[in-house]
Amino acid sequence: MAKSCFVGLCLFFAVLASHGFVELQASHHVYRNLETVQSSASADQPYRTGYHFQPPKNWINDPNGLMVYKGIYHLFYQYNPKGAVWGNIVWAHSTSKDLVNWTPHEPAIHPSQPGDINGCWSGSATILPGGVPAMLYTGIDPKNSQVQNLAVPKNLSDPYLREWVKSPKNPLMQPTAENRINASSFRDPTTAWLGPDKKWRVIIGSKIDRRGLAILFKSKDFVNWVQAPTPLRAAEGTGMWECPDFYPVPLRGRNGVDTSLNGPSVKHVLKLSLDDTKHDFYTVGSYDGSRDVYTPDKGSVESDSGLRYDYGKYYASKTFLDSIKNRRVLCGWLNESSSVADDIKKGWAGVHAIPRHIWLDKSGKQLIQWPVAEIEKLRANHVTLPTKLLKGGSVVEVSGVTASQADVDISFEIPGFDKAELLDPSWTNPQLLCSQKGASVKGGLGPFGLLVLASKGLSENTAVFFRIFKGQNKHVVLMCSDQSRSSLNQNNDKTTYGAFLDVDPLHQSLSLRSLIDHSIVESFGGGGKACISARVYPTLAIDNAAHLFVFNNGSEAVRISKLNAWSMNKAKVN
Amino acid sequence: MNRFICFSLIFSFTFLPVKSRENSATLIETTCKTTPFYNLCVSALQSDPDGPSADIPGLARIGANKVKAKATATLRQITGLLKEAKDPSLKTALLDCVDFYNAIVEYDVPMAIDAVVKGDPKFGVQGLNDAANEALACARRFENQPKFPIEGNNKVVHDLSAVVASIIALLL
């Protein structure tokens, strides 16, 4: 395998050499107020982020309790105050005015009652009538059973809600001999919603053997909860359902709506985190609020092969209604792709993705995600490019931005489709297809896209690209994030990720946006129709030694119809 | 009449459904069949007095503790070799392996056991997968060395970690 990669790379460079190494000239750039962009990297911490959320040190995982209160965003998250691996979990807490810059506070919830003495695991916020926030979260009890607890703010006049008090009635929901709920598979309560009978509903992830379940509980007063006779939804063979999320989305437009809303103007989304595969998948469907039945739309795939929020490293995600900007926002966790030995050395592990605005695609068949617009205020040193034909075999450097901390948005148009390879009907797994046909595998129409966090000689690079195939009745676009040459350090997980992008390149341009942040590459294809996030740890392409290129390793030329790149200023993430 | 009853009994026992004969396959055996190294798995789990009566989380804990014991012993072997090592490149390789093995003993295994006990098995799988990878990383450090003195133990740590990761994955 290594040999064929080497040969491929040699051929790639040979083609490069024959076409000439074309470099963008300074005169093509539009510089505006060239600012010095502060980088987060120091010599001994090359992978810390500039604008993605992470605390100063230690382990983090799931975002919890996302909410708005008195005009301030609250993010809680699973945190280990004692080290860089999972354990000793508490709810750490940060607040923000803009979802970009965050102020840390003391941990809000930590073990203190029988209901959570062995751990304060994930949960969600519900805003009760009157604007009072209530947290339902999973605790680990003295017998190491998973139970559900309630916490509310101690002092509602503190806009930062720094202190929380727990119900003396905790745990409010737990596995018993009667309900036969699996005591080690009962966790992650959602934001609750009101039904037509004015009773609250909440779902909690569970399983029986390999049957994933969303167990439904109902309550009049948010304290006494009664299990519904049937789960909201279940599916065979999927394993444990973690971090469920259940919410309405309007059929039209990009606004968010109250979690309790139901009716002909909305569809519902049920999202699950699959313990088995560490993927977040969702279905779009209809919710019968009187019978408490959720039915995914016809054609939905209710498993790991279904629609995912992100086809790369992205898990335990959760949405909340952003009542300030009237949108639904999604937050997710990206764990490390480095070894634990490396995590211990660097003293931290885990980051969060940039919050994403989500809405239903006009087809009604999938969600669209786009980084919240607030992130754009970090942009500096705008570099742009006039329309350009990118011949097969070219690599073009994009200079003028800090390539290790950047936002780049590029669009391609395809002048001719004759050279597109045929898509074998057995090629149904995009991740596998991208692994077999990485960036160094020459193609007919593609691969073309970006080489990010690249060393000058390209011995290290992360390739985010498209490859276009001729399918049955249309062209099929494959989007890949190829980490196979992201780092010379062999102790990293360099798995390649892939997704089919539902865009018709015959009639639409192909857009790709990548948010680059030292050890994160967060990519959005087709304006947010497919997202792929990756964690990479270059040893050469660090800070000022990182480069950004556009490449085309296909035989067909493609047209860059638009290229915008920016350095990203450092945000105050903790 | 007695002969008839006797004959019927013998006849019916001969044709007992095959399933009941296979009930003699223990949980250890059926669990180990799902792992990449069956024999290693069986011997590791059966060697523990609690093995035969353990459930799957119990077997996972037994296996994880065996990984920890083997890794601790290997770590001692590495530090012993370090004391005598004179060649600088050998020292570097051994020092790197100290880091890898520390990760296994101090972090991967304790975290994995905690995860299994509390019911979040994905962190258990991740911990033991990492342990296997740390052993591979150590082996890579010795690719350019004339000898790999801890090769045997390193392989056991790797293989047993892969076994235990598989067992924990049954809980997902």
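Quick caveat: nothing in here was measured; it's all calculated off a predicted structure. (Residues numbered from 1 in each chain as written. Chains lettered and ligands numbered in written order. Predicted model: local features only at pLDDT ≥ 70, side-chain atom pairs only at ≥ 80, totals over all residues. Heavy atoms only, no water.)

Caption draft 1: Spotlight on the overall build of chain A. When helices and strands are counted, chain A shows three helices and 39 strands. A globule of 574 residues ought to have a C-alpha radius of gyration of about 25 Å, and chain A, at 24 Å, matches this closely. When burial is assessed residue by residue, chain A has 63% of its 574 residues classed as buried. Contacts in chain A between residues far apart in sequence, at least 24 positions, make up 65% of those at least 6 positions apart. Positive and negative side-chain charges in chain A, numbering 61 and 51 respectively, have mean positions lying 2 Å apart. (Helix = DSSP H or I, 4+ residues; strand = E, 2+ residues; numbered from the N terminus. Rg over C-alpha atoms; globule rule 2.2 N^0.38 Å. Buried < 20%, exposed > 50% of the residue type's maximum accessible area, 1.4 Å probe, protein only. Contact = heavy atoms within 4.5 Å. Lys, Arg positive; Asp, Glu negative; His and termini not counted. Charge placed at Lys NZ, Arg CZ, Asp CG, Glu CD.)

Caption draft 2: How the structure looks around the overall build of chain B. Each helix and strand counted, chain B has eight helices and zero strands in total. Walking chain B from its N terminus toward its C terminus, one meets helices and strands in the order α-α-α-α-α-α-α-α. Classification of the 172 residues of chain B by burial places 43% in the buried group. Element-wise, carbon and sulfur atoms account for 59% of the exposed surface of chain B, whose accessible area totals about 9,000 Å². (Areas by Shrake-Rupley, 256 points an atom, 1.4 Å probe, with all protein chains shown as cover.)

Caption draft 3: Local environment of the environment of Gly119 of chain A. Tracing the sequence through the fold places Gly119 of chain A in the loop between β4 (102-109) and β5 (120-128). Separated by 112 residues in the primary sequence, Gly119 of chain A and Pro231 of chain A have C-alpha atoms spaced 26 Å apart.

Caption draft 4: Representation of helix α8 (residues 151-169) of chain B within the structure. Over its 19 residues, α8 of chain B extends 27 Å from the first C-alpha to the last, a length consistent with the 27 Å expected when each residue adds 1.5 Å. Contacts from the buried residues of α8 of chain B go to α3 (27-33), α4 (38-46), α5 (56-84), α6 (88-118) and α7 (121-141) of chain B. (Expected span 1.5 Å × (residues − 1).)

Caption draft 5: Quick peek at the pattern of salt bridges. Residue and element names in this part refer to chain A. A complete count under the given rule lists 36 salt bridges over all chains for this structure. When the shortest N-O distance is used, the salt bridge between Asp98 and Lys377 registers 2.5 Å. With Asp98 in the loop between β3 (90-96) and β4 and Lys377 in the loop between β25 (367-371) and β26 (379-385), the pair connects residues that are 279 residues apart, well separated along the chain. Note on Asp98: relative accessible area 11%, which makes it buried. Ionic pairing is found between Glu421 and Arg467, a salt bridge with its closest N-O pair at 3.9 Å. You can see Glu421 sitting in strand β30 (residues 421-422) and its partner Arg467 sitting in strand β32 (residues 462-470), a full 46 residues away along the chain. (Salt bridge = Lys/Arg side-chain N within 4 Å of Asp/Glu carboxyl O.)

Caption draft 6: Looking closely at the side chain of Asp48 of chain B. All names here are of chain B. Following the sequence through the fold, Asp48 ends up in the loop between α4 and α5. Put simply, Asp48 is tucked away with no salt bridge, and the nearest opposite charge, on Lys66, sits 4.1 Å away. Within polar-contact distance, the side chain of Asp48 engages the backbone nitrogen of Asp50 at 2.8 Å. Those residues in contact with Asp48, other than ones at most four positions away along the chain, are Ile62 and Lys66. (Polar contact = N/O pair within 3.5 Å; in protein donor to acceptor, adjacent residues only side chain to side chain.)

Caption draft 7: Expanded view of the state of the cysteines. Summed over the entire model, instances satisfying the criterion amount to three disulfides over all chains. Across a sulfur-sulfur distance of 2.0 Å, Cys434 of chain A and Cys480 of chain A are joined as a disulfide pair. Taking the sign of the S-S torsion, -80° for the link of Cys434 of chain A and Cys480 of chain A, the bridge is left-handed. Pair noted here: Cys434 of chain A is in helix α3 (residues 430-436) and Cys480 of chain A is in strand β33 (residues 475-482), with a separation of 46 residues, a long-range link. The two residues Cys434 of chain A and Cys480 of chain A agree in class, both being buried. Here Cys97 of chain B engages in a disulfide with Cys138 of chain B; their sulfurs sit 2.1 Å apart. A torsion of 105° about the S-S bond marks the disulfide between Cys97 of chain B and Cys138 of chain B as right-handed. (Disulfide = S-S within 2.5 Å.)

Caption draft 8: Spotlight on the packing of α6 of chain B against α7 of chain B. Residues and elements named next belong to chain B. Remark: α6 packs on α7, axes separated minimally by 8 Å, with the N-to-C direction vectors making an angle of 170°. Judged by the angle between their axes, α6 and α7 are roughly antiparallel. By crossing handedness, the relation of α6 to α7 is classed as left-handed. When grouped by side-chain class, the residues that make up the contact of α6 with α7 number 16 nonpolar, three polar and five charged. (Axes fitted to C-alpha atoms, helices over the stretch in contact; angles between N-to-C directions. Parallel < 35°, antiparallel > 145°, perpendicular 65-115°, else oblique. Left-handed = near helix turned anticlockwise from the far one by under 90°. Nonpolar A, V, L, I, M, F, W, Y, C, P; charged D, E, K, R; others polar.)

Caption draft 9: Representation of the sheet that holds strand β8 (residues 164-166) of chain A. All names here are of chain A. On the basis of which strands lie adjacent, the open sheet formed by four strands has the order β5-β6-β7-β8 and antiparallel pairing. Bordering the open sheet on either side are β5 and β8, each of which pairs with just one other strand. Going across the sheet, the axis of each strand differs from the next one's by a mean of 30°, ignoring polarity. Where strand β7 (residues 146-153) meets β8, three bridges bridge the pair, whose relative direction is antiparallel. Directly across from Pro153, in β8, lies its bridge partner Trp164. (Pairing = 2+ DSSP bridges.)

Caption draft 10: Inspection of the sheet that holds β4 of chain A at higher detail. Residues and elements named next belong to chain A. The five strands are arranged β4-β3-β2-β1-β22 in an open sheet whose pairing can be described as mixed. Single-partner strands in this sheet number two, and they are β4 and β22 (348-349). Alignment of strand β2 (residues 72-80) against β3, held across seven bridges, turns out to be antiparallel. Counted as the bridge partner of His74 is Thr95 from β3.

Caption draft 11: How the structure looks around the confidence of the model for chain A. When pLDDT is averaged across chain A, the result is 94; 93% of the residues are at 70 or more. Contacts of residues 13-35 of chain A to residues separated by more than four positions or lying in other chains number 40 contacts, the stretch itself having pLDDT below 50. (pLDDT = per-residue confidence, 0-100.)

Caption draft 12: How the structure looks around the environment of His93 of chain A. All names here are of chain A. With respect to the secondary-structure elements, His93 resides in strand β3. Sequence separation between His93 and Leu128 is 35 residues, and the spatial gap between their C-alpha atoms is 20 Å. Those residues in contact with His93 that lie beyond four places of it in its chain are His74, Leu75, Phe76, Tyr77, Thr103, Pro104, His105, Glu106, Ala108, Tyr160, Leu161 and Arg162.

Caption draft 13: Structural view of the packing of aromatic side chains. Enumeration over the complete set of coordinates arrives at 29 aromatic pairs over all chains. Chaining the aromatic ring pairs together yields one cluster made of Trp59, Trp86, Trp121, Tyr315 and Trp333 of chain A together with Phe123 of chain B. Directly above the aromatic system of Tyr315 of chain A lies the positively charged group of Lys278 of chain A, at a separation of 5.7 Å from the ring centroid. Looking at Lys346 of chain A, its charged tip hangs above the ring of Trp348 of chain A, at a distance of 4.7 Å from the centre. (Phe/Tyr/Trp six-rings, centres within 6.5 Å; stacked < 30°, edge-to-face > 60°. Lys NZ or Arg CZ within 6 Å of the ring centre and 35° of its normal.)

Caption draft 14: Here's a closer look at the pairing of strand β24 (residues 356-360) of chain A. Residue and element names in this part refer to chain A. The element β24 is largely enclosed, with a buried count of five among its five residues. Burial along β24 is two-sided: Arg356, Ile358 and Leu360 facing one way and His357 and Trp359 facing the other are all buried. Bridge count for strand β21 (residues 327-334) against β24 is three bridges, and the pairing is antiparallel. In the sheet register, Arg328 faces β24, and the bridge partner there is Ile358. Of the pairings in the sheet, the one linking β24 to β25 comprises five bridges and is antiparallel in character. Within the sheet, the bridge partner assigned to Ile358 lies in β25 and is Gln369. Counted between consecutive antiparallel strands, the loop separating β24 from β25 contains six residues, among which Gly364 sits at a positive phi close to 75°.

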